[in-house]
Amino acid sequence: MASPNSVLVTTEKSTNDFTLLQVHDSDSQMFLEKKQKAASLKQFSWFLLLKLHKVLTCLSWLNTGFKSTFALVKKRISLSGISDEDPKYRGRLYRVIMVFLALSIGALVIEIIAHFNKWNLHSMMVKPFEVQSLLHWSYMAWLSFREDYVAPFVLLVSKFCIVLFMIQSLDRLVLCLGCFWIKFKKLKPTIEADAHDVEDPSSFPMVLVQIPMCNEREVYAQSIGAVSQLDWPKDRILIQVLDDSDDSNLQLLIKDEVSTWKDKGVNIIYRHRLIRTGYKAGNLKSAMSCDYIKDYEFVAIFDADFQPNPDFLKLTVPHFKGKPDLGLVQARWSFVNKDENLLTRLQNINLCFHFEVEQQVNGHFLNFFGFNGTAGVWRIKALEESGGWLERTTVEDMDIAVRAHLNGWKFIYLNDVKVLCELPESYEAYKKQQHRWHSGPMQLFRICLPAIITSKISKWKKANLIFLFFLLRKLILPFYSFTLFCVILPFTMFIPEAELPLWVICYIPIVMSFLNILPSPKSVPFLVPYLLFENTMSVTKFNAMVSGLFQLGSAYEWVVTKKTGRSSESDLLALVERESKSSNEDKILRRRSESGLELLGKLKEAEKHQKKKRNKLYRKELALAFLLLTASARSLLSEHGLHFYFLLFQGLSFLVMGLDLIGEQVS
């Protein structure tokens, strides 16, 4: 038997006649084992310290973020103004939402009491002697009444909304398939090879270009500059700057800009109406009444924030050659500020789908779509035969498009011709824009329905106009979106018998949102925010749809969308062509006129008295936020799972909108 400190040596003979020595030292082996244990213990300690450091860093970051967010919200509530909506109209929907909120809070309190008293939260049979109190008896009576009367009614309404939801989803799917077919077949409008003789300027048609604007201080210069550089024979084009501004200082600035380009040889004139009636429609109607209009064959229209490329007319006007029934050529919008903030990113998703899918499919298969009001070229004959610009709605562009379609004119959409413009960067500006875009179509539907029914177009085109263009996409979409996800869904949390299935609140909406986001693939990471954002905007769209349909006070409200005057890399050429003009003040001083010096003084005086703009609070969004959060608390009691998460995040998105924490942040 070997001693503890002995060394055991064994010899083995291998097949290759080599001797293998194995030395067994028990002390050495124990030392190695202890060393390995100490090293692993030290590594484990470092691992725990690193994890603890990460946790503490994360907690510190969350704490800082929570404190800053809480401080921001507190400051916003104390300093913000109330929403600028019409108080009379705001009260109608707001009061309805507040009634639902009060009922949901009361129901939640009762459900919490029932939960902690271990009452059955579902319907059950209780014998009279088992009733513990008056509250318990009232609760059991409510369960019986809910199951017999309330649940069937809620189920009926929810099934109706689900049917509308599925029809609209099917329409969206068909549009996507149509877009895929266009891409797969590489279909696009074509022009004749000899549309215009480049060598002979007289072969180019006479084109009128109109820039309607109203108090567009931030963007008037870049728009006039871009249009003035359109590549078209100078004697075959006339630019009308149609200024409806009520600021005399701004009028002088715009006149000065027009004079600058006129001195460079551009055929451009300035027009200003003394009485601003009919908004944009009245402005365009007034401009088309000029005597010299009869000399022009086409008219291109650009809003004040649009910056067409120099080749715009050469890419659009030739499509009219050999197509006497073609009334409109519409180009696509491209956004200079689409990555400015979360709000502009989400708007970009919506509008990319509108242009890439809706406009392109309807233009190719139906030769009809709603005119976008800008970045399009009209045949003047089509405008005149369709009745010209009318002031009867706030969507004069859609109005003229529908009337032209009823008169047999065809439209072409060019997806590859893009015109730079701006997206609203603040929630306030976007909200006002969406109100006009969703109330106007309902006004127009009321007015145009008799004309559509009695028109000479085919029954298929009539059905498309009534059921798809107006009812499905302009009325049904905001109706079911608001009713189903903002009213019925939270209501069903207190009525388990009418609970909505998961495929309605999760699977189908995600698929539809994914289809919407496909035309802008870089926006895929914003899929969930986009879904929540669309549901949040449903209250504004529903609000506007109802006001337009029933001719309420805010239906005819027209507010010019706020612009920032952002530029892009493509504007550099325009800046060089404009001789790198530094500012309006320098431009006024160069003219060295008394009126210019006087205007400069007025501008400086106006800057001193300029008021700071503040973010606002939006009551309806805040009320819906608390309604959805209350419903999410109720779903948590019942362990609904996915319903809880949807209601929670949807409620938080409404809270963000209500506090105006999305988009441009101002003082």
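In this numbering scheme, every chain counts its residues from 1 along its sequence in written order. A pLDDT threshold of at least 70 governs which residues receive local features in this predicted model, and a stricter bar of 80 or more applies before side-chain atom pairs are shown or counted, although totals over entire chains, interfaces and linings include all residues. Calculation of side-chain values draws on the structure's entire complement of heavy atoms; hydrogens and water are dropped beforehand.

1. Digging into the pattern of salt bridges
Salt bridge criterion: a side-chain nitrogen from Lys or Arg within 4 Å of a carboxyl oxygen from Asp or Glu. Under the criterion given, the structure shown has 19 salt bridges. Where Asp231 meets Lys314, a salt bridge forms, and the shortest distance between an N and an O atom there is 3.0 Å. Of this pair, Asp231 sits in the loop between helix H4 (220-228) and strand S5 (237-243) while Lys314 sits in helix H7 (residues 312-316); the two residues are 83 residues apart in sequence, bridging distant segments of the chain. Only protein chains enter the accessibility calculation, which uses a 1.4 Å probe; a residue whose area is less than 20% of its type maximum is buried, one above 50% is exposed, and one in between is partly exposed. Judged by relative accessible area, which is 40%, Asp231 ranks as partly exposed. The salt bridge partner of Lys280 is Asp303, with a shortest N-O separation of 2.8 Å. Placement of Lys280 in helix H6 (residues 279-288) and of Asp303 in the loop between strand S7 (298-301) and H7 is noted, with a sequence separation of 23 residues between them. Helical segments are the DSSP runs of H or I of at least four residues, strand segments are the runs of E of at least two, and each set is numbered from the N terminus.

2. Section: the packing of aromatic side chains
Centres within 6.5 Å are what make two rings of Phe, Tyr or Trp a pair, Trp counting through its six-membered ring; a difference in plane orientation under 30 degrees is then read as stacked, over 60 as edge-to-face, and the rest as tilted. In the structure shown here, the tally under the stated rule is 27 aromatic pairs. Residues Phe165 and Tyr480 carry aromatic rings whose centres are separated by 5.3 Å and whose planes lie at 45° to one another, so their mutual orientation is tilted. With Phe165 in helix H3 (residues 134-185) and Tyr480 in helix H12 (residues 459-492), this residue pair connects regions lying 315 residues apart in the sequence. A single burial state applies to Phe165 and to Tyr480, both of which are buried. For the pair Phe368 and Phe411, a centre-to-centre distance of 5.8 Å together with 40° between the ring planes defines the contact as tilted.

3. Section: the environment of Thr374
Among the structural elements, Thr374 can be located in the loop between helix H8 (342-366) and strand S9 (376-379). On the accessibility criterion, Thr374 (1% relative accessible area) is buried. Setting aside its immediate chain neighbours within four residues, Thr374 contacts Ile301, Phe302, Asp303, Phe306, Gln330 and Trp333. A polar contact of 2.8 Å, which involves the side chain of Thr374, links it to the backbone nitrogen of Asp303. By the convention used here, residues are in contact when the closest approach between their heavy atoms is within 4.5 Å. Pairs of N or O atoms within 3.5 Å make up the polar contacts considered here, provided that, within protein, one atom can donate a hydrogen while the other can accept it, and that residues adjacent in sequence are counted only when both atoms are side-chain atoms.

4. Observations concerning the sheet that holds strand S6 (residues 268-272)
As summarised here, the arrangement of the seven strands in space is S6-S5-S4-S7-S9-S8-S10, forming an open sheet in which the pairing is mixed. Where the open sheet ends on each side, the last strands, each with one partner, are S6 and strand S10 (410-421). Neighbour-to-neighbour, the strand axes of this sheet turn through a mean angle of 20°, independent of strand direction. In terms of strand pairing, strand S4 (residues 207-213) meets S7 through four bridges, oriented parallel. The residue of S7 that forms the bridge with Val209 is Ala300. Orientation is described by axes fitted as lines to C-alpha atoms, over the contacting stretch for helices, and by angles from 0 to 180 degrees between their N-to-C directions. Contacts between H6 and the sheet are confined to S4, S5 and S6, with S4 contributing the most and set at about 145° to the helix. By this definition, two strands are paired if DSSP reports at least two bridges between them.

5. A closer look at the packing of H12 against helix H18 (residues 619-637)
Interaxial distance between H12 and H18 falls to 8 Å at its minimum, and their mutual angle equals 50°. In this view, H12 runs oblique relative to H18, as classed from their interaxial angle. For the pair H12 and H18, the sense of crossing is left-handed. On H18, the residues touching Phe482, Phe485, Cys486 and Pro490 of H12 are Leu624, Leu627, Leu628 and Ala631. Note that Gly is not counted as nonpolar here; it falls among the polar residues with everything else outside the nonpolar set of Ala, Val, Leu, Ile, Met, Phe, Trp, Tyr, Cys and Pro and the charged set of Asp, Glu, Lys and Arg. When the residues that make up the contact of H12 with H18 are grouped by side-chain class, the tally is eight nonpolar, no polar and no charged. Any angle that falls under 35 degrees is termed roughly parallel, while one over 145 is termed roughly antiparallel, one within 65 to 115 roughly perpendicular, and all others oblique. The sense of a crossing depends on the near helix, which, turned anticlockwise from the far helix by less than a right angle, makes the crossing left-handed and, turned clockwise, makes it right-handed.

6. Some points on the layout of surface pockets
What the second largest pocket holds in volume is close to 480 Å³. Lining the second largest pocket are 23 residues, with Lys188, Pro189, Tyr413, Leu414 and Asp416 sitting closest to its centre. If you list the elements that add at least two residues to the lining of the second largest pocket, you get H3, H7, H8 and S10. Here the lining of the second largest pocket takes seven residues from S10, the largest share from any one element. For the lining of the second largest pocket, the residue count by class is ten nonpolar, seven polar and six charged. Cavities and pockets are found on a 1 Å grid laid over the protein atoms alone: a cavity is a set of points where a 1.4 Å probe fits but cannot escape, a pocket is an open set with protein on both sides within 12 Å along at least five of seven lines, and a lining residue has an atom within 4 Å of such a point. Grid points are joined across faces, edges and corners, and a volume is the space filled by probe spheres set on the points.

7. Here's the deal with the pairing of S7
Side chains of S7 alternate between two faces, with Phe298 and Ala300 and Val299 and Ile301 buried alike. The pairing of S7 with S9 spans four bridges and is classified as antiparallel. Looking at the pairing, Phe298 lines up with Arg379 of S9.

8. Section: H12
Along an α-helix, residues three or four positions apart point the same way, because every turn accommodates 3.6 residues. An expected span of 1.5 Å times one less than the residue number is assigned to each helix. With 34 residues, H12 extends only 41 Å from end C-alpha to end C-alpha; this falls clearly short of the ideal 50 Å at 1.5 Å per step. Fitting axes to the seven residues that end at a residue and to the seven that start at it, the angle between those axes gives the bend at that residue. Where H12 bends most, the angle comes to about 50°, and this point is Leu471.

9. Here's the deal with helix H10 (residues 396-406)
H10 sits mainly inside the fold: eleven of its eleven residues count as buried. Tucked into the core, H10 has its buried residues touching H6, S9, helix H9 (380-385), S10, helix H11 (427-454) and H12. Where H10 terminates, the next one or two residues include Gly408, which has phi positive at roughly 90°.

10. Some points on the state of the cysteines
Working definition: a disulfide is two cysteine sulfur atoms within 2.5 Å of each other. The full count for this structure, using the stated rule, is zero disulfides. Cysteine Cys176 remains unbridged, with the sulfur of Cys179 as its closest cysteine sulfur at 7.1 Å. In this structure Cys176 comes out as buried when scored by relative accessible area, which is 15%.

11. Concerning the packing of H3 against H12
The contact between H3 and H12 brings their axes to 9 Å, and the two run at 135°. With respect to H12, the axis of H3 lies oblique. Classified by chirality, the crossing of H12 by H3 is left-handed. When grouped by side-chain class, the residues that make up the contact of H3 with H12 number 18 nonpolar, four polar and three charged.

12. A few points about the UniProt feature "transmembrane region" (unreviewed entry) in the chain
As annotated by UniProt and renumbered to match this structure, "transmembrane region" (unreviewed entry) occupies residues 93-116, 149-167, 465-494, 500-518 and 643-662. The span residues 465-494 carries 93% helix and 0% strand; its end-to-end C-alpha distance comes to 40 Å. Helix makes up 80% of residues 643-662 and strand makes up 0%, while its end C-alpha atoms are separated by 25 Å. UniProt positions are given in the numbering used here, feature names are shortened, and annotations may be inferred rather than shown by experiment.

13. Details of the nonpolar core
Ile224 and Trp378 are the most contacted members of the largest nonpolar core, which has 87 residues in total. Ranked by the residues each element gives to this core, the list is headed by S10, at seven residues. With near-sequence residues (within four places) excluded, Ile224 lies in contact with Ile211, Met213, Val241, Ile254, Glu257, Val258, Trp261 and Ile268. For our purposes a nonpolar core is just a set of buried Ala, Val, Leu, Ile, Met, Phe, Trp, Tyr and Cys residues, chained together by side-chain atoms within 4.5 Å. With 44 residues, the next largest nonpolar core counts Val546, Leu624, Ala625 and Leu627 among its residues.

14. Looking at the side chain of Arg634
Among the secondary structure elements, Arg634 is positioned in helix H18. Overall, Arg634 belongs to the buried group, its relative accessible area being 0%. Ignoring sequence-local partners within four residues, the contact set of Arg634 consists of Leu108, Glu111, Met493, Phe494 and Pro496.

15. Some words on the environment of Leu629
Counting through the fold element by element, Leu629 comes out in helix H18. The partly exposed category is assigned to Leu629, whose relative accessible area is 22%. When the C-alpha atoms of Leu629 and Pro490 are compared, they prove to be 8.8 Å apart, with 139 residues separating the residues in sequence. In this view, Leu629 contacts Leu648, Gly651 and Leu652; residues no more than four positions away in its chain are not counted.

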